[in-house]
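Residue-level listing of the chains:
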Amino acid sequence: MKPKYSFPPIDQNQDGADAIASPPLAEDRYRAPALDKGLDILELLARQPQGLTRAEIVKEMDRNASEIYRMLERLVARQYVLRSLSGDRYSLSLKLFTLAHMHPPLNRLVTQAIPIMEAFAQKAEQACHMGVYDQGNVLITAQVNGPGTWSMTIRVGVHVGLVDTASGRVLLAFADASRAQQMLAQHTALEGEVPIESDALAAALGVIRQQGYFERDSLQSFGVADISCPIFGPDHSALAALTCPYVRRIDRHVGPDQKTVRLLLQQAAQALSLTQGGFAPASRHT
């Protein structure tokens, strides 16, 4: 399948001929077709755990068979792609996995997140934390206090529930259907976890997907409104969840209201996301 590109708009001159109305966009200015082709193959195979034949790859990418063959041979030679023993099927090797773990991705994400989380905490006057899916529940990987003398915090390194917390529900809501099922299958209830029926959970996740964020009273603490937004990975699913346990001040101090805090949190999550497109179509959940 060919990648989708953005092209400059076409304008009509007085003679009726097509004319370019603006210069090429930055992402198209330095195109490398051969590199794009190789990356397209890797991304296609990443979605096919059983692999594909060369004919299937050619059909999916809508490209010339000979150019696909040459690219596949180079990817096999560089050990990014494996050829089956029968020679008719190609699949990803573990080389990309190995490369990704040469520099721990979680550490990089936390390093990038902390300054953005600190900026959010200063503007919102609230604490925030980041969680990722881990072994059936949610692992808290980073936490930043609000600027005042007190704030609602959670310890880094603890696990919180997958189905009854803001972070968990955001991670579930913005996972594709097969991944969400796998997460739920691996889930084990933590101490104090609030149970929920599967139909009710499905409905709640649908609302989160429609809104693009989670916002409701906490299921763990009185007086706290949990706000959580997805940090999207390159596949348009939630790589992590950025969550603020919003506490409304009732003294004379006037800080940002809940809506403002939610907007600030959405901006922070978007800044950390690896894609600008948000979540993939709802059909991935059917």
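What you see is a predicted model; the values in this text were computed from it and never measured.

Student: What should I look at first to understand the pattern of salt bridges in this one?
Tutor: Oppositely charged side chains may form a pair once their charged atoms are brought near each other. For the structure on display, the rule yields six salt bridges. Residue Arg-89 pairs with Glu-56 through a salt bridge whose shortest N-O separation is 3.8 Å. Of the two residues, Arg-89 sits in the loop between β3 (81–83) and β4 (90–92) while Glu-56 sits in helix α3 (residues 54–61), which places them 33 residues apart along the sequence. Look at Arg-89 and you get partly exposed, because its relative accessible area is 30%.

Student: What's the story with the sheet that holds strand β7 (residues 159–160) in this structure? I'm lost.
Tutor: Strand pairing within a sheet occurs via backbone hydrogen bonds; the two strands may be parallel or antiparallel. Reading across from one edge, β7-β6-β5-β10-β9-β8 is the order of the six strands in this open sheet, with antiparallel pairing throughout. The open sheet has two free edges, formed respectively by β7 and β8 (214–217), since each of these has just one partner strand. Examined bridge by bridge, strand β5 (residues 128–134) and strand β10 (residues 238–247) share three bridges and lie antiparallel to one another. When the sheet's bridge partners are listed, Met-130 is paired in β10 with Leu-242. Contacting β5, β6 (137–144), β8, β9 (224–232) and β10, helix α7 (residues 166–173) crosses the sheet at an angle of about 150° to β10. Sheet strands in contact with helix α10 (residues 258–272) are β8, β9 and β10, and its direction is about 20° off that of β9.

Student: Looking at this structure, I do not really get the packing of aromatic side chains. What am I missing?
Tutor: Aromatic rings considered in pairs are described by the distance between their centres and by the relative angle of their planes. Enumeration over the complete set of coordinates arrives at one aromatic pair. Between Phe-174 and Phe-232 the ring centres are 5.6 Å apart and the planes differ by 85°, which places this aromatic pair in the edge-to-face class. One end of the pair, Phe-174, is in the loop between α7 and α8 (177–186); the other, Phe-232, is in strand β9, and 58 residues separate them in sequence. Residues Phe-174 and Phe-232 agree in their burial class; the two are buried.

Student: Sorry, what's going on with the pairing of β8 here?
Tutor: The side chains of a regular strand alternate between the sheet's two faces. With four bridges connecting them, β8 and β9 associate as antiparallel partners. Note on β9: the bridge partner recorded for Arg-216 is Asp-226.

Student: Would you explain the nonpolar core in this entry?
Tutor: Most often, soluble globular proteins keep nonpolar side chains buried together rather than apart. Within the largest apolar cluster, 28 residues are counted, with the highest numbers of intra-cluster contacts made by Met-117, Phe-120, Met-130, Ile-231, Leu-242, Val-261 and Leu-265. Broken down by secondary-structure element, the contributors of at least two residues to this core are α6 (105–124), β5, β6, β9, β10 and α10. Of the residues forming this core, the biggest block, seven residues, is contributed by α6. In this view, Leu-242 contacts Met-117, His-129, Met-130, Ile-227, Ser-228, Cys-229, Ile-231, Leu-265, Ala-268 and Ala-269; residues no more than four positions away in its chain are not counted. Formed by 22 residues, the second largest nonpolar core is a distinct cluster that contains Val-163, Ala-173, Leu-205 and Ile-208.

Student: Quick question: what am I supposed to make of the confidence of the model for the protein here?
Tutor: With 84% of its residues at a pLDDT of 70 or more, the protein shows a mean pLDDT of 83. Mean pLDDT across the secondary structure elements of the protein bottoms out at strand β1 (residues 10–12), with 37, and peaks at α7, with 97. Residue range residues 1–22 is modelled with pLDDT below 50. Its contacts to residues more than four positions away, or to other chains, number 32 contacts. Note that residues 277–284 has pLDDT below 50 and, in this model, 17 contacts with residues that lie over four places away or in other chains.

About the criteria used
Residues numbered from 1 in each chain as written. Predicted model: local features only at pLDDT ≥ 70, side-chain atom pairs only at ≥ 80, totals over all residues. Heavy atoms only, no water. Salt bridge = Lys/Arg side-chain N within 4 Å of Asp/Glu carboxyl O. Helix = DSSP H or I, 4+ residues; strand = E, 2+ residues; numbered from the N terminus. Buried < 20%, exposed > 50% of the residue type's maximum accessible area, 1.4 Å probe, protein only. Pairing = 2+ DSSP bridges. Contact = heavy atoms within 4.5 Å. Axes fitted to C-alpha atoms, helices over the stretch in contact; angles between N-to-C directions. Phe/Tyr/Trp six-rings, centres within 6.5 Å; stacked < 30°, edge-to-face > 60°. Core = buried A, V, L, I, M, F, W, Y, C linked by side-chain atoms within 4.5 Å. pLDDT = per-residue confidence, 0-100.

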